[in-house]
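An overview of the molecular structure
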Amino acid sequence: AQKVTQAQTEISVVEKEDVTLDCVYETRDTTYYLFWYKQPPSGELVFLIRRNSFDEQNEISGRYSWNFQKSTSSFNFTITASQVVDSAVYFCALSEAIQGAQKLVFGQGTRLTINP
Amino acid sequence: DAGVIQSPRHEVTEMGQEVTLRCKPISGHDYLFWYRQTMMRGLELLIYFNNNVPIDDSGMPEDRFSAKMPNASFSTLKIQPSEPRDSAVYFCASSDRVPTEAFFGQGTRLTVV
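Read on for an overview of the structure. (Residues numbered from 1 in each chain as written. Chains lettered and ligands numbered in written order. Predicted model: local features only at pLDDT ≥ 70, side-chain atom pairs only at ≥ 80, totals over all residues. Heavy atoms only, no water.)

Observations regarding the packing of aromatic side chains
Ring pairs (aromatic) are described by centroid distance and by the angle formed between their planes. With the rule as written, the count across this model stands at 21 aromatic pairs over all chains. When the centroid spacing of 5.2 Å and the interplanar angle of 90° are considered together, the rings of Tyr64(A) and Phe77(A) count as edge-to-face. Within this pair, whereas Tyr64(A) is found in strand β8 (residues 64-69), its partner Phe77(A) is found in strand β9 (residues 74-79), the two being separated by 13 residues in sequence. Taking relative accessible area as the criterion, Tyr64(A) reaches 15% and is therefore assigned buried. The buried category is assigned to Phe77(A), whose relative accessible area is 0%. With centroids separated by 5.5 Å and ring planes inclined at 45°, the aromatic side chains of Tyr35(B) and Phe104(B) adopt a geometry described as tilted. Residue Tyr35(B) is located in strand β4 (residues 31-38), and its partner Phe104(B) is located in strand β10 (residues 103-104); the two are separated by 69 residues in the primary sequence. Each member of the pair, Tyr35(B) as well as Phe104(B), carries the same accessibility label: buried. Put simply, the rings of Phe35(A), Tyr37(A), Phe47(A), Phe91(A), Phe106(A), Tyr31(B), Phe33(B), Tyr35(B), Tyr48(B), Phe91(B) and Phe104(B) touch in pairs and so form one group of aromatic residues. (Phe/Tyr/Trp six-rings, centres within 6.5 Å; stacked < 30°, edge-to-face > 60°. Helix = DSSP H or I, 4+ residues; strand = E, 2+ residues; numbered from the N terminus. Buried < 20%, exposed > 50% of the residue type's maximum accessible area, 1.4 Å probe, protein only.)

Have a look at this one:
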């Protein structure tokens, strides 16, 4: 069965610090997709990134970067020079790529608090 | 596009009452998902549709829950009768191809007292 583990329940840092959110996944599939979503205090879920299992290139988008390592089944998310607006709950998710089983399995989330 | 639209945003109802949550997906999206978020269980998929047809409802907790998608622009999730343990935030999401990112609505916070 698929499983996503976000071991860090809560993280609190001071503004401008770098912070890494960990995500470890389990799947028997060779083709799968990984996602990160952000849930700000307003409650909606905001899509951040999607990676497929064949693309292990790290990705950078502004202050955000993602490190995908199949060898350790990890898909970690780093925020550089954090800002108060980054405060949110962040979810890592896994999806199978086979038709008929398009489900996102979410981790429990990491609550990130950026203090001024 | 206005995004995925859910209504109501908040619903408070008494135990035993019927509750209907509504969702309008993004136009052109073929997939629609209903998720539930609770503190204990996190985000869990209840059911999803492809081209208005339910594909997988294995996440629906019990027969009190039902979902329909009568057309491409509207879906409902109904709970009858509601119970206090159904209190949660219910999210609707849609996507335009598989697999791709799902775009979520703002959720309906349901409280059953």
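A short note on the pairing of strand β7 (residues 65-71) of chain B
Residue and element names in this part refer to chain B. Bridge count between β7 and strand β8 (residues 74-79): 5 bridges; the pairing is antiparallel. Of the residues in β8, the one forming a bridge with Lys68 is Thr76. The loop that links β7 with its antiparallel partner β8 comprises 2 residues. (Pairing = 2+ DSSP bridges.)

A look at the environment of Ala72(B)
Residue and element names in this part refer to chain B. Along the chain, Ala72 falls in the loop between β7 and β8. Residue classification places Ala72 among the partly exposed positions, given a relative accessible area of 49%. Expressed as a C-alpha distance, the spacing of Ala72 and Asp30, which sit 42 residues apart in the sequence, is 7.6 Å. Apart from residues no more than four positions distant in its own chain, Ala72 is found in contact with Pro25 and Asn52. (Contact = heavy atoms within 4.5 Å.)

Notes on the nonpolar core
Residues and elements named next belong to chain A. Formed by 23 residues in total, the largest nonpolar core has its most connected members in Trp36, Phe75, Phe77 and Tyr90. Looking at this core, the elements that each hand over two or more residues are β2 (10-14), β3 (19-21), β5 (32-39), β8, β9, β10 (88-96) and β12 (110-115). In this view, Phe77 contacts Val19, Thr20, Leu21, Trp36, Leu48, Tyr64, Ser65, Trp66 and Tyr90; residues no more than four positions away in its chain are not counted. (Core = buried A, V, L, I, M, F, W, Y, C linked by side-chain atoms within 4.5 Å.)

Here we look at the interface of chain A and chain B
Across the contact, 21 residues belong to chain A and 24 residues belong to chain B. Carbon and sulfur atoms supply 55% of the area that chain A and chain B bury against each other, a total of about 1700 Å² over both sides. Between chain A and chain B we count 1 salt bridge in total. Salt-bridge contacts for Glu101(B) lead to Arg50(A); the nearest nitrogen and oxygen are separated by 3.7 Å. Our count for the contact surface shared by chain A and chain B stands at 3 residue pairs in polar contact (both at pLDDT 80 or more). Elements with a contribution of two residues or more to the side of chain A that touches chain B: β5, β6 (46-52), β10 and β11 (104-106) of chain A. For the side of chain A that touches chain B, the element with the highest residue contribution is β5(A), accounting for 4 residues. Looking at the side of chain A that touches chain B residue by residue, the class counts come to 10 nonpolar, 7 polar and 4 charged. (Buried area = accessible area lost by both parts, 1.4 Å probe. Salt bridge = Lys/Arg side-chain N within 4 Å of Asp/Glu carboxyl O. Polar contact = N/O pair within 3.5 Å; in protein donor to acceptor, adjacent residues only side chain to side chain. Nonpolar A, V, L, I, M, F, W, Y, C, P; charged D, E, K, R; others polar.)

Thoughts on the state of the cysteines
Throughout the structure, instances matching the rule amount to 2 disulfides over all chains. Disulfide pairing places Cys23(A) opposite Cys92(A) at an S-S distance of 2.0 Å. Judged by the sign of its S-S torsion, about -65°, the bond between Cys23(A) and Cys92(A) is left-handed. One end of the pair, Cys23(A), is in the loop between β3 and β4 (24-26); the other, Cys92(A), is in strand β10, and 69 residues separate them in sequence. Per residue, the accessibility class of Cys23(A) equals that of Cys92(A), and both read buried. Through a disulfide, Cys23(B) is tied to Cys92(B); the S-S separation comes to 1.8 Å. Taking the sign of the S-S torsion, -65° for the link of Cys23(B) and Cys92(B), the bridge is left-handed. One end of the pair, Cys23(B), is in strand β3 (residues 19-24); the other, Cys92(B), is in strand β9 (residues 88-95), and 69 residues separate them in sequence. The exposure class assigned to Cys23(B) is buried, which follows from its relative accessible area of 1%. With relative accessibility at 0%, the residue Cys92(B) sits in the buried group. (Disulfide = S-S within 2.5 Å.)

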